[in-house]
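Working through the structure, step by step
Here is how the chains run, residue by residue.
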Amino acid sequence: MRSFSNANPRDMQQAAKLAQQARMEGRNAAFAGGGSDMLGLIKERIATPDVLVHLKGIQGANKVETKGGATVIGGQISLSDLSHNQVILKRYAVLAEAAGSVATPQIRNAGTLAGNVCQRPWCWYFRNGFPCFKAGGSQCFSFNGENQFHAIFGGGPSFIVHPSDTAVALMALDAKFRIVGPSGQRTLSAADFFTLPKQNAAKENALAYDEVLASVELPAAAAGQRSSYHKVLDRDAWTHAVVSTAVVLDMNGDTCRSARIVLGGVAPIPWRVPEAEKVLTGQRVTPELAARAAETALAGAQPLAKNAYKIPLTKEIVQRTVSAVARA
Ligand SMILES: Cc1cc2nc3c(=O)[nH]c(=O)nc-3n(C[C@H](O)[C@H](O)[C@H](O)COP(=O)(O)OP(=O)(O)OC[C@H]3O[C@@H](n4cnc5c(N)ncnc54)[C@H](O)[C@@H]3O)c2cc1C
Ligand code: SF4
């Protein structure tokens with residue numbers, strides 16, 4: 001492993017300034033929350049920081065606070081604490097379920113919400129040091145190679161799928177992302193935070209090299225809001241989703257007032273399906289309607305040579321999750 005120094009900032013802005021200062025001195029900086037992904041990247045020499053800026057020790061950066069109905073979650077909360085938090089379980093079950101579905105109990109204890117959202121792709125080629133777009137190169141090896149677990153929507157020139165379970169839930173909840181840089185802060189919607197490879201093939205989100213994700217804000221939950229996360233794995237061990245879905249419905253009896261449906265494991269970003277949401281809006285949710293929404297959600301999918309199986313699999317979980325949430 002290449003040697004690096006550690007920095008322990010007192011707040012998020014100082015963390016951002018440390019990254020900026022390193023760049024000005026011609027050195028690389030990287031951020032770490034729990035470090036469960038970052039240390040692996042360093043060991044494999046995929047990340048080569050000269051200085052590792054640790055965020056987990058920043059005081060108060062892991063709190064859950066409610067403000068005028070909205071809920072603000074500090075990015076340094078562990079996935080384990082997030083999955084057990086009573087406010088989140090009661091108002092935003094989809095996020096608690098997504099956090100609780102990540103990896104193993106050990107990784108959920110160490111891993112943070114911000115680190116989970118900002119984790120790098122798990123494409124086999126990238127993780128094994130191939131010089132592809134994500135590594136700053138100029139080709140994608142999966143397109144004509146192993147692409148069983150790759151994108152069926154939004155791909156090109158990289159065909160990764162976004163690896164984070166919590167990101168799918170945050171998109172479904174219409175979360176806002178508070179970003180802190182060296183000279184201030186800004187807030188982005190989930191739709192603007194996650195970026196497609198066609199915008200910048202080397203990146204997965206809108207963060208600059210010297211910006212940190214500090215917290216996320218969830219809008220007040222509607223009185224009839226119910227939600228759930230459903231994830232399909234390729235083996236019994238806890239691992240990334242092959243495909244997943246986050247469904248948030250605002251129900252009035254058995255009629256859907258509004259819906260947000262987001263797919264995971266199918267695109268380089270959490271993939272919202274507004275046309276499928278429209279199928280449900282204002283309607284009584286029957287099994288037939290849920291099936292129609294699922295059919296609509298997968299319309300336009302463009303599978304690669306080895307991943308067409310994701311289409312029927314994703315349809316099935318959308319149909320089941322919509323029906324289950326509507327019945328709850
Ligand atoms: C065996 C295994 C199975 C896994 N299964 C799943 C799974 O099922 N679902 C899933 O979602 N994930 C899964 N993961 C990934 C795991 O969830 C992440 O490793 C973990 O959530 C990252 O959290 P962390 O705080 O340790 O991140 P870190 O390792 O600290 O950071 C991860 C990345 O995010 C960046 N980063 C961290 N914090 C910030 C911040 N505040 N602002 C900007 N950038 C930041 C880091 O620079 C790094 O690139 C798995 C990982 C392993 C090893
Ligand atoms: S899908 Fe993305 S990460 Fe994988 S080989 Fe292609 S460019 Fe690299």
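Counting of residues starts from 1 at the beginning of each chain's written sequence and follows it residue by residue. Chains and ligands are labelled sequentially in the order written, the chains with letters from A and the ligands with numbers from 1. Reporting of local features is limited, given that this is a predicted model, to residues whose pLDDT is at least 70; pairs of side-chain atoms are given and counted only at 80 or more, and all residues count toward the totals for whole chains, interfaces and linings. Hydrogens are left out, water is left out, and the side-chain values use all remaining heavy atoms of the structure.

As a matter of local geometry, ligand 1 sits amid 31 residues, with Phe 31, Gly 33, Ser 36, Asp 165 and Thr 239 nearest to it. For ligand 1, a nitrogen atom lies 2.9 Å from a polar atom in the backbone of Leu 213. Note on areas: Shrake-Rupley with a 1.4 Å probe; residue coverage comes only from the protein chains shown. Summarising the interface, the protein chains cover 90% of the accessible area of ligand 1, which totals 970 Å² for the free molecule. Segments assigned H or I by DSSP are reported as helices when at least four residues long, segments assigned E as strands when at least two residues long, and all are numbered from the N terminus. Elements represented by at least two residues in the shell around ligand 1 include exactly β2 (29–32), α7 (113–118) and β8 (212–218). Ranked by the residues each element gives to the shell around ligand 1, the list is headed by α7, at four residues. Three classes are used, and their members are as follows: Ala, Val, Leu, Ile, Met, Phe, Trp, Tyr, Cys and Pro are nonpolar, Asp, Glu, Lys and Arg are charged, and the others, Gly among them, are polar. Its residues placed into classes, the shell around ligand 1 shows 15 nonpolar, 13 polar and three charged. What makes a residue near a molecule or strand is one non-hydrogen atom of that residue sitting within 4 Å of it. The definition of a polar contact used here is a pair of N or O atoms within 3.5 Å, where within protein one atom must be able to donate a hydrogen and the other to accept one, and adjacent residues in sequence count solely through side-chain atom pairs.

Glancing now at the sheet that holds strand β12 (residues 271–272). The criterion for strand pairing is that DSSP finds at least two bridges linking the strands in question. The strand order β9-β10-β11-β12 describes an open sheet built from four strands, whose pairing is antiparallel. Of all the strands in the sheet, the pair left with one neighbour each is β9 (225–232) and β12. Here eight bridges tie β9 to strand β10 (residues 243–252), and the two strands are oriented antiparallel to one another. Counted as the bridge partner of Tyr 229 is Ala 246 from β10. By definition in these notes, contact holds between two residues if any of their heavy atoms fall within 4.5 Å. Structural elements are reduced to axes, namely lines fitted to C-alpha atoms, with helices fitted over the stretch in contact, and the angle between N-to-C directions of any two is expressed from 0 to 180 degrees. Sheet strands in contact with helix α5 (residues 93–100) are β9 and β10, and its direction is about 20 degrees off that of β9.

To continue, consider unusual backbone geometry. Cis peptide bonds are those with omega within 30 degrees of zero, and the linkage from Gly 156 to Pro 157 qualifies with 0 degrees. Tracing the backbone through its elements, the reader meets Pro 157 in the loop between α8 (124–127) and α9 (165–172). Located in the positive-phi region is Arg 45, a residue other than glycine, with phi close to 60 degrees. Position of Arg 45 relative to the elements: it lies in the loop between α2 (38–43) and β3 (51–54). Partly exposed residues are those whose accessible area sits between 20% and 50% of the maximum for their type, while under 20% is buried and over 50% is exposed, using a 1.4 Å probe and protein chains only. Looking at Arg 45, the relative accessible area reads 53%, which means it is exposed.

With that out of the way, let us pick up the nonpolar core. Residues belong to a common nonpolar core when they are buried Ala, Val, Leu, Ile, Met, Phe, Trp, Tyr or Cys residues joined through side-chain atoms within 4.5 Å. Ile 73, Leu 95, Leu 170, Phe 177, Phe 193 and Phe 194 are the most contacted members of the largest nonpolar core, which totals 40 residues. Where this core is concerned, the elements lending two or more residues are α3 (79–84), α5, α7, α9, β6 (176–181), α10 (190–193), β8 and β10. Where each domain begins and ends follows an automated or database-derived domain assignment. When residues of this core are assigned to domains, at least three fall in each of domain 2 (64–119 + 159–218) and domain 3 (225–327). When neighbours within four sequence positions are excluded, Leu 170 is seen to be in contact with Leu 95, Leu 113, Val 117, Ala 175, Phe 177, Ala 190, Val 216 and Leu 218. Among the nonpolar cores identified, the runner-up in size contains 32 residues, and Leu 280, Ala 294, Ala 297 and Leu 298 belong to it.

In this section: the packing of helix α12 (residues 287–297) against helix α13 (residues 310–327). At a minimum axis separation of 8 Å, α12 and α13 run at an interaxial angle of 140 degrees. Considering their axes alone, α12 and α13 lie oblique with respect to each other. Every pair of crossing elements has a handedness; the one defined by α12 and α13 is right-handed. Touching Pro 287, Ala 290, Ala 291, Ala 294 and Glu 295 of α12 are Lys 315, Val 318, Gln 319, Val 322 and Ser 323, all from α13. Partitioned by chemical class, the residues of the contact of α12 with α13 number six nonpolar, two polar and two charged. Every angle not falling under 35 degrees, over 145, or within 65 to 115 is termed oblique; those three ranges are roughly parallel, roughly antiparallel and roughly perpendicular. Helix crossings fall into two classes, left-handed where the near helix is turned counterclockwise from the far one by less than a right angle and right-handed where it is turned clockwise.

Our focus in this paragraph is the pairing of strand β11 (residues 255–264). Taking burial as the measure, the 10 residues of β11 include seven buried ones, the bulk of the element. Alignment of β10 against β11, held across nine bridges, turns out to be antiparallel. The partner of Ser 244 across the bridge, within β11, is Gly 264. Where β10 folds back on β11, the antiparallel hairpin that results is connected by two residues, among which Gly 253 adopts a positive phi of roughly 65 degrees. Pairing of β11 with β12 involves two bridges; the strand directions are antiparallel. Along β12, the bridge assignment pairs Leu 263 with Trp 271. Between β11 and β12, which pair antiparallel one after the other, the connecting turn spans six residues, and Gly 265 there sits at a positive phi close to 75 degrees.

Moving on: the site of ligand 2. Ligand 2 sits among 13 residues. The nearest are Cys 123, Cys 132, Cys 140, Ser 158 and Phe 159. Of the residues assigned to the shell around ligand 2, the class counts are nine nonpolar, three polar and one charged.

Moving on, we come to the domain arrangement of the protein chain. Examined at the domain level, the protein chain breaks down into domain 1 (1–53), domain 2 (64–119 + 159–218) and domain 3 (225–327). Here domain 1 and domain 3 have C-alpha centroids that lie 37 Å from each other.

Another aspect to go through is the sheet that holds strand β4 (residues 64–67). If you trace the five strands from one edge of the open sheet to the other, you get β4-β5-β8-β6-β7, paired in antiparallel fashion. In this open sheet, the two edge strands, each paired with only one partner strand, are β4 and β7 (184–189). On average, adjacent strands in this sheet sit at an angle of 25 degrees to one another, irrespective of strand direction. Bridge count for β6 against β8 is five bridges, and the pairing is antiparallel. Counterpart to Lys 176 in the pairing with β8 is Glu 217.

Once that is clear, we can look at α5. Where burial is concerned, most of α5 is hidden: six out of the eight residues are buried. Within the span of α5, buried status applies to Ala 93, Val 94, Leu 95, Ala 96, Ala 98 and Ala 99.

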